[in-house]
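The primary structure of each chain is shown beneath.
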Amino acid sequence: MKVVKFGGSSLASGEQLKKVFQIVVSDPERKIVVVSAPGKRFSDDIKVTDLLIDCAEKVLAGEEIESEFATIIERYASIAKELEISLDIIDTISHDLKALLNGNKEKPDRFLDAIKASGEDNNAKLIAAYFQHRGVLAQYVSPKEAGLIVSDEPGNAQVLPESYDNLYKLRDREGIIVFPGFFGHNKNGDVLTFSRSGSDITGSILANGVKADLYENFTDVDAVYSVNPTIVQNPKEISELTYREMRELSYAGFSVFHDEALIPAFRAGIPVNVKNTNNPTAPGTRIVNERANTNGPVIGIASDKGFCSIYISKYLMNREIGFGRRLLQILEDFGLTYEHVPSGIDDVTVILRQNQMDKEIEAAITKRIITELHADKVIIEHNLVLIMVVGEGMRHNVGTTARAAKALANAGVNIEMINQGSSEVSMMFGVKEAQEKRAVQALYNEFFVAVPV
Ligand SMILES: Nc1ncnc2c1ncn2[C@@H]1O[C@H](COP(=O)(O)OP(=O)(O)O)[C@@H](O)[C@H]1O
Ligand SMILES: N[C@@H](CC(=O)OP(=O)(O)O)C(=O)O
């Protein structure tokens, strides 16, 4: 049995849905179909999830939403018309969304989650209706009915372990199951979404729950490429990579697959196959436990913007017991998460996502570090890019860091920081945002265009 997930780009129009239908019915093993909300039809288009967020925020601000509401309904209606299915389903979607928008707003984050989740929920209903219209035995199944229970964290929920036994029962259902991605319910029955792009997570949870043989993740590219194709033109395709490599790369910027979607499949030992809805015969990329190492030390290079660093120096920091703990406690007091902590003898740098802080928080943190930890210097730098060079082969290759550093130097890129060692499969370079493209291109040339050493 296979679990198949289709992303928003595969569900953006009636034409795309026809391809989805062909893919599903061409293999009887494709029994569970996880769907996102309709995505972008063209590059300037707006995803339904983003339309819904805008609509919900306007409602919360007490603004009119007539035109936003109409735009959302029109997205579903245009798909239904293209597919020539009864427009009764659009009346149902319109009625249900109106009721949700008129619902309880006492807890805005929960209200927002309920509206966001409706994007996938309504799409799953529409797609099930289309499959039935094409004469296939198919049913919409809701996460609530299936027992997909999640933690009580709006916009960032996590699956609870008891879900897996509940979901196993889906194996007994007849026909194709169309299941909405991106959300579950807490123990009280409230809707909670995963983080953005979280339908990948639903697919992986279902694959684990039903003990699928394969989790196929259909998107709009032929493969996971060794580097983001919007940064480097025609990059090399990756045919196979390990769960660890993919998790590092997704976390560091390969948005093609959600980093949190690896764990459920990995725990159940289920391979993941990333494939293209627009070219389904292409083999795609397989994510597995172990792979043959045929490609040299590096498999992929990811980069992500929006980081800042807090540099702290203090003479004899190395002798001070508890310095690191007290520093991280200050960050914890402000509710901040951090990414890396490279350190020296008398200095340490904490790297975090800068959207967590504003000027006031930065000033307050700086003050506390100086007054409580008696630091000599505290410097906060903004607009950093973290570049992650990833590959299981790095463990067995000498000189990979030197090659990377030389390539960056030759390209005139100033390395702000390096972190290597904690993860056996990656090394991290921090550079200024303005140098991202140049740095990634230089690393790509070194490890993929030049002959690997
Ligand atoms: N290394 C990479 N390999 C392939 N695609 C990538 C990579 N990094 C970023 N992407 C982007 O991810 C996109 C697919 O992800 P996404 O838009 O979330 O798809 P979906 O709509 O199927 O969920 C691709 O179109 C591509 O622009
Ligand atoms: N629709 C949700 C969840 C999702 O996974 O979407 P997509 O498959 O289009 O990335 C979002 O935009 O976040």
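Now for a look at the structure at hand. (Residues numbered from 1 in each chain as written. Chains lettered and ligands numbered in written order. Predicted model: local features only at pLDDT ≥ 70, side-chain atom pairs only at ≥ 80, totals over all residues. Heavy atoms only, no water.)

1. Some words on the site of ligand 2
The line we're drawing: Any residue with a heavy atom positioned within 4 Å of a molecule or strand is treated as near that molecule or strand. Under this definition, polar contacts are N or O atom pairs within 3.5 Å; protein pairs additionally need one hydrogen-donor-capable and one acceptor-capable atom, and for neighbouring residues in sequence, both atoms have to be side-chain atoms. Here the accessible surface of atoms and residues is derived via Shrake-Rupley with a 1.4 Å probe, and residues count as covered only by protein chains that are part of the display. Following the grouping adopted for this structure description, the nonpolar residues are Ala, Val, Leu, Ile, Met, Phe, Trp, Tyr, Cys and Pro, the charged ones are Asp, Glu, Lys and Arg, and the polar ones are all others, Gly among them.
Surveying the vicinity of ligand 2 reveals the residues Lys5, Gly7, Gly8, Ser36, Lys47, Thr49, Glu120, Phe182, Arg196, Ser197, Gly198 and Ser199. Here a nitrogen atom of ligand 2 sits 2.7 Å away from a polar atom, N or O, in the side chain of Thr49. In the environment of ligand 2, an oxygen atom lies 2.7 Å from a nitrogen or oxygen atom belonging to the side chain of Arg196. The protein chains hide 92% of the 340 Å² of surface that ligand 2 would expose on its own. In the shell around ligand 2, the residues fall into 1 nonpolar, 7 polar and 4 charged.

2. Section: the packing of aromatic side chains
Heads up, the rule is: Aromatic rings from Phe, Tyr and Trp, with only the six-membered ring used for Trp, were paired whenever their centres fell within 6.5 Å, and each pair was classed as stacked if the ring planes differed by under 30 degrees, edge-to-face if by over 60, and tilted otherwise. Only lysine NZ and arginine CZ atoms are considered, and such an atom sits over a ring when it is within 6 Å of the ring centre and within 35 degrees of the ring normal.
Taken as a whole, this structure holds 7 aromatic pairs when the rule is applied. Here the aromatic cluster, defined as three or more aromatic residues joined through ring pairs, consists of Phe21, Tyr130 and Phe131. Sitting over the ring of Tyr251, Arg353 keeps its end group 5.9 Å from the ring centre.

3. Digging into the sheet that holds strand β7 (residues 214-219)
Short version of the rule: Here, any two strands with at least 2 DSSP bridges between them count as paired. We count a stretch as a helix when DSSP gives it H or I for four or more residues in a row; a strand needs E for two or more, and each element gets its number in order from the N terminus. Lines fitted to C-alpha atoms define the axes here, with helix axes fitted over just the stretch in contact, and angles between the N-to-C directions of these axes take values from 0 to 180 degrees. Any two residues having at least one pair of non-hydrogen atoms within 4.5 Å are treated as being in contact.
Ordered in space as β3-β4-β2-β1-β7-β11-β12-β10, the 8 strands form an open sheet in which the pairing is mixed. Lying at the two open borders of the sheet, with one neighbouring strand each, are β3 (138-140) and β10 (240-242). Put simply, the sheet's adjacent strands are angled 20° from each other on average, direction ignored. Note that strand β2 (residues 30-35) and strand β4 (residues 176-180) share 4 bridges and pair parallel. When the bridges of β4 are listed, Val33 appears paired with Val178. Across the sheet, helix α9 (residues 243-251) is in contact with β10, β11 (272-276) and β12 (285-288); its angle to β10 comes to roughly 85°.

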